[in-house]
Amino acid sequence: MKRREILQKLALAVPAGMMFPSLINSCAPKDPPLQPVYEGKVIIIGAGAAGLHAAQLIKNQNVSVEILEASSLYGGRVKINDPFFDFPQEQGADYIYGNSNIWYNGIKDKGITLEEIPKKGSFVMDGVPAFEADLIAQPDNDFINAQNFVSNLINYNGPDLTLQNAVVSAQIAQRAHHVVEGQVATPAGATYNNMSVKGISDNLKNWDGGEGRYFSTNQSLVQVLGSLYNDVLSLIKFNTPITNIDYTDPTNIILTDGDGNTHECTRVILTVPLAVLKSNAINFSPALPLVNTSAWNRIGMSGGIKVTLSFISNFWDKSTTAIYTEGYARQYYVPGIVRTNSNRVLSALIVGDQADALIGKSDEEIVQLLLADLDAIYPAQGGKASKEFNEADSYIFDWSKQEYIKGAQSYLLVSGTGAAAQMSTPIQDRIFWAGEATALNGNNATVQGAMESADRAALELFDVILES
Ligand SMILES: Cc1cc2nc3c(=O)[nH]c(=O)nc-3n(C[C@H](O)[C@H](O)[C@H](O)COP(=O)(O)OP(=O)(O)OC[C@H]3O[C@@H](n4cnc5c(N)ncnc54)[C@H](O)[C@@H]3O)c2cc1C
């Protein structure tokens, strides 16, 4: 079967939002495979969203496939916290971005309730929180300029600069820089002094994931992944960190794990996070081509500390969905906003420089610093945040300390255009690349981006093995 027919059958040629239903419906396990069975074996490294999705596609073709996962869990950066809260509190991904993509549609298919998050940001200007409408009415022209800059990022066609330098060039007043950083860089796991403005603009132009942001109200996202990919969970070998990939033999690839055990296969799909690749935790023999590794230097993946602070009662306006500050957390958001009657919880992802400034501090010290930031913004009677703080239901999770993740999300650095495609170049038609950093449709750093990268990698693989 030729590539075009495979594409049609797998519906990989249709827009991202249409892919998942067709995968499930047209490639259900009972369906005949597209092609006489391939006799080789595929190993997928990593059981995050990309690895699970790739495994499902390959299994559907009756091709022998196994997933080797370093940790004891599947999901990777989709991870639930202990059930402290009366809603599913996520340590990794929690927003579903857009209503027309593989992830959103897959969730909807399973009957899981998704609620759209209204957009009501509170922006701290000169230490005082205010809603956008009020800042426009005042008017606060620095704030308005910053908001216009954010709205026009999709049309940016100036030089490839850091977002910070682009903000400076646009003469946005310093007191409003965090308005841009908190809305644009923070959700991408980056700070504005390292992210490429062209990368952001290209991603916005390429984005085809639909509108809105959503929370699942009744299930954690790792539960959702588990039910979407229930078929392939038994194929995962846990606690199997791959440390060496030897592809010297043209007919056999030998993977070695942390215990020295070997795993043999004919094709590999690698889905490990970019920061793991950059750390050289996996040795390749022969060494990887420069075309792949040089691209790694044009994509960033910073440290990221996910903080969730719980309060006895909420001291901010109850309709607020996010608070943008100049402090350690450029953006706090309210994960309970559409999930429970009580929205007493603030979450934040502290990244880049702000995260670096917290290196060496204990969890208690970090919490105290964040509470001090919040006390200054909500100052009544010596600090509302500190007074209302509910320590038992609060937590800190440092993604950079996770040995098999080592950071938050990927983002394009200056000169990063084309780097994701470059790093995904298959090696000898035997080693293929998936994972969010290799997503090409403007949706890296998302769960659907990870899944779509697996679509691409599976297609590249089928192109080779189903024609041979
Ligand atoms: C704090 C945070 C918040 C986020 N928020 C959102 C959000 O709101 N919405 C959204 O869509 N996305 C969000 N993301 C991004 C999203 O979680 C990721 O893009 C996506 O989950 C990545 O999936 P993946 O399969 O590419 O990688 P991962 O999920 O990282 O999976 C890779 C897997 O590889 C395994 N592995 C690593 N090294 C080895 C090895 N040597 N051998 C074997 N296995 C190995 C890891 O253990 C892991 O399970 C967030 C991420 C973070 C960290």
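Residues numbered from 1 in each chain as written. Predicted model: local features only at pLDDT ≥ 70, side-chain atom pairs only at ≥ 80, totals over all residues.

**Here's the deal with the overall build of the chain**
The number of helices and strands found in the chain is 17 helices and 21 strands. Since a compact globule built from 468 residues should have a radius of gyration of about 23 Å, the 23 Å found for the chain is in line with a globular shape. Residue burial in the chain is summarised as follows: out of 468 residues, 47% are buried. In the chain, the share of contacts with a sequence separation of at least 24, taken over all contacts with a separation of at least 6, comes to 73%. (Helix = DSSP H or I, 4+ residues; strand = E, 2+ residues; numbered from the N terminus. Rg over C-alpha atoms; globule rule 2.2 N^0.38 Å. Buried ≥ 20, exposed ≤ 12 C-beta atoms within 10 Å, placed from the backbone. Contact = placed C-beta atoms within 7 Å.)

**What about the domain arrangement of the chain?**
One can read the domain layout of the chain as domain 1 (3-77 + 220-299 + 422-465) and domain 2 (118-211 + 303-407). On a C-alpha basis, the centres of domain 1 and domain 2 stand 33 Å from each other. Of the residues lining the interface, 17 residues belong to domain 1; the matching set on domain 2 comes to 15 residues. Listing elements by their share of the side of domain 1 that touches domain 2, those giving two or more residues are α2 (16-26) and α11 (274-278). Partitioned by chemical class, the residues of the side of domain 1 that touches domain 2 number 8 nonpolar, 8 polar and 1 charged. (Domains from an automatic or database assignment. Nonpolar A, V, L, I, M, F, W, Y, C, P; charged D, E, K, R; others polar.)

**Regarding the packing of helix α3 (residues 49-60) against helix α17 (residues 447-465)**
The geometry of α3 relative to α17 is characterised by a closest axis approach of 8 Å and an angle of 35 degrees between their N-to-C directions. Remark: the crossing between α3 and α17 carries right-handed chirality. Contact residues: Ala 49, Ala 50, His 53, Ala 54, Leu 57 and Ile 58 in α3; Val 447, Ala 450, Met 451, Ser 453, Ala 454, Ala 457 and Ala 458 in α17. A class-by-class count of the residues in the contact of α3 with α17 yields 11 nonpolar, 2 polar and no charged. (Axes fitted to C-alpha atoms, helices over the stretch in contact; angles between N-to-C directions. Left-handed = near helix turned anticlockwise from the far one by under 90°.)

**Considering the sheet that holds strand β21 (residues 431-433)**
One open sheet holds the 5 strands; their spatial order is β8-β2-β1-β12-β21, and the pairing between them is parallel. Because the sheet does not close on itself, it has two edges, and the strands there are β8 (236-237) and β21. Pairing of strand β12 (residues 267-270) with β21, which is carried by 3 bridges, proceeds in the parallel orientation. Across the sheet, residue Val 268 finds its bridge partner in β21, namely Ile 431. Where α3 meets the sheet, it contacts β1 (41-45), β2 (64-68) and β12, and its direction lies at approximately 165 degrees from that of β2. (Pairing = 2+ DSSP bridges.)

**Observations concerning the nonpolar core**
If you look at the biggest cluster of nonpolar residues, it comprises 126 residues, and the most contacted ones within it are Ala 54, Leu 163 and Ile 269. The dominant element in this core, judged by the number of residues it contributes, is α17, at 9 residues. Mapping this core onto the domain boundaries places at least three of its residues in each of domain 1 (3-77 + 220-299 + 422-465) and domain 2 (118-211 + 303-407). The residues contacting Leu 163, other than those within four sequence positions of it, are Val 180, Val 184, Ala 185, Tyr 192, Met 195, Val 197 and Ile 200. (Core = buried A, V, L, I, M, F, W, Y, C linked by C-beta atoms within 7 Å.)

**Points about the environment of Val 307**
Take Val 307: it is sitting in strand β15 (residues 304-310). For Val 307, a count of 22 C-beta atoms within 10 Å translates into the label buried. With 63 residues separating them along the chain, Val 307 and Leu 370 place their C-alpha atoms 9.4 Å apart. Setting aside residues up to four positions removed in sequence, Val 307 forms contacts with Ala 329, Ser 347, Ala 348, Ile 350, Leu 370 and Ile 396.

**Focus: the sheet that holds strand β4 (residues 114-116)**
Sheet strands pair by backbone hydrogen bonding; their relative direction is either parallel or antiparallel. Taking strand neighbours across the sheet as the criterion, the 3 strands line up as β3-β7-β4 in an open arrangement whose pairing is antiparallel. Edge positions in the open sheet fall to β3 (96-97) and β4, since each of these has one partner strand only. As paired elements, β4 and strand β7 (residues 213-216) share 3 bridges and run antiparallel to each other. Along β7, the bridge assignment pairs Leu 114 with Ser 216.

**Here we look at the site of the ligand**
Around the ligand, the structure places 42 residues, and the nearest of them are Gly 46, Gly 48, Gly 76, Arg 77 and Ala 93. Elements with a contribution of two residues or more to the shell around the ligand: α3, β15 and α17. In terms of residue class, the shell around the ligand is made up of 25 nonpolar, 12 polar and 5 charged. Built from parts of two domains, the shell around the ligand gets at least three residues from each of domain 1 (3-77 + 220-299 + 422-465) and domain 2 (118-211 + 303-407). (Near = placed C-beta within 6 Å.)

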